[in-house]
Amino acid sequence: YLEIRCVDALPDRWWPALAALTATLVDDEVAADGAAELCEPVARRSEAAARGGLSDPDLCAAVTGCLELAVSRCAPALKADLEAFAELVTSGRTPSSQLRARAEADGPLRVLEEEAHA
């Protein structure tokens, strides 16, 4: 049993990428071993991750390393979605920063309505 808690909180645009990321890092032995090695230095830093996210250089290195690894090992059908997500994250942005920017530009109610109809 594996519960992925964040996927349902993301805009629909990113679900295929997160599914590809998760499946690749769990099902592919090379990717799983590489991800475990990349995440070892931050394995007990969940509070720092919750508070600072990718602003923490060590957490950012683990996340971007896992993304690069997953992109190189994922199923070809999902590679474009995962590459787009990796590009978003390595640029210093996140799905939540995209939503925030949209809410600031268009208003939160409009973004909620758009997401509800997506």
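What you see is a predicted model; the values in this text were computed from it and never measured.

Cut-offs used in this document
Residues numbered from 1 in each chain as written. Predicted model: local features only at pLDDT ≥ 70, side-chain atom pairs only at ≥ 80, totals over all residues. Heavy atoms only, no water. Helix = DSSP H or I, 4+ residues; strand = E, 2+ residues; numbered from the N terminus. Rg over C-alpha atoms; globule rule 2.2 N^0.38 Å. Buried < 20%, exposed > 50% of the residue type's maximum accessible area, 1.4 Å probe, protein only. Contact = heavy atoms within 4.5 Å. Areas by Shrake-Rupley, 256 points an atom, 1.4 Å probe, with all protein chains shown as cover. Lys, Arg positive; Asp, Glu negative; His and termini not counted. Charge placed at Lys NZ, Arg CZ, Asp CG, Glu CD. Core = buried A, V, L, I, M, F, W, Y, C linked by side-chain atoms within 4.5 Å. Salt bridge = Lys/Arg side-chain N within 4 Å of Asp/Glu carboxyl O.

**What about the overall build of the protein?**
Consideration 1: A count of helices and strands for the protein gives 7 helices and 0 strands.
Consideration 2: Starting at the N terminus and ending at the C terminus, the protein contains elements arranged as α-α-α-α-α-α-α.
Consideration 3: Taken over C-alpha atoms, the radius of gyration comes to 15 Å for the protein, in line with the 13 Å a tight globule of 118 residues would show.
Consideration 4: Once the C-alpha set of the protein is aligned to its principal axes, its extents read approximately 45 × 35 × 30 Å.
Consideration 5: In the protein, which comprises 118 residues, the share counted as buried stands at 28%.
Consideration 6: Contacts in the protein between residues far apart in sequence, at least 24 positions, make up 54% of those at least 6 positions apart.
Consideration 7: Carbon and sulfur atoms make up 55% of the accessible area of the protein, which amounts to about 7,800 Å² in all.
Consideration 8: A gap of 4 Å separates the mean positions of the 11 positive and 21 negative side-chain charges of the protein.

**Concerning the environment of Cys 74**
Consideration 1: In this structure, Cys 74 sits in the loop between helix 4 (57–73) and helix 5 (79–90).
Consideration 2: The exposure class assigned to Cys 74 is buried, which follows from its relative accessible area of 10%.
Consideration 3: As a C-alpha pair, Cys 74 and Asp 28 span 46 residues in sequence and 8.4 Å in three-dimensional space.
Consideration 4: When sequence neighbours within four positions are dropped, the list of residues in contact with Cys 74 reads Thr 24, Lys 79 and Leu 82.

**Focus on the nonpolar core**
Consideration 1: In terms of nonpolar packing, the biggest core is built from 21 residues, with Trp 14, Leu 18, Leu 21, Leu 25, Leu 67, Leu 82 and Phe 85 touching the most fellow members.
Consideration 2: Those elements giving two or more residues to this core turn out to be helix 1 (15–27), helix 2 (29–39), helix 4 and helix 5.
Consideration 3: Residues contacting Leu 67, with those up to four places away along its chain left out, are Leu 21, Leu 82, Phe 85, Ala 86 and Val 89.

**Here we look at the pattern of salt bridges**
If the charged atoms of two oppositely charged side chains come close together, the side chains can form a pair.
Consideration 1: Here the structure, examined in full by the defined rule, presents 8 salt bridges.
Consideration 2: Arg 13 is the salt-bridge partner of Asp 81, the closest N and O atoms lying 3.5 Å from each other. Here Asp 81 is found in helix 5, whereas its partner Arg 13 is found in the segment before helix 1, with 68 residues between them in sequence.
Consideration 3: One salt bridge connects Arg 51 with Glu 47, and the closest N-O pair in it is separated by 3.1 Å. With a gap of 4 residues between them, Arg 51 and Glu 47 both fall in helix 3 (residues 46–52), about one helical turn apart.
Consideration 4: Owing to a relative accessible area of 69%, Arg 51 belongs among the exposed residues under this scheme.
Consideration 5: Three or more residues joined by partner-sharing salt bridges are found here, namely Arg 102, Arg 110, Glu 114 and Glu 115.

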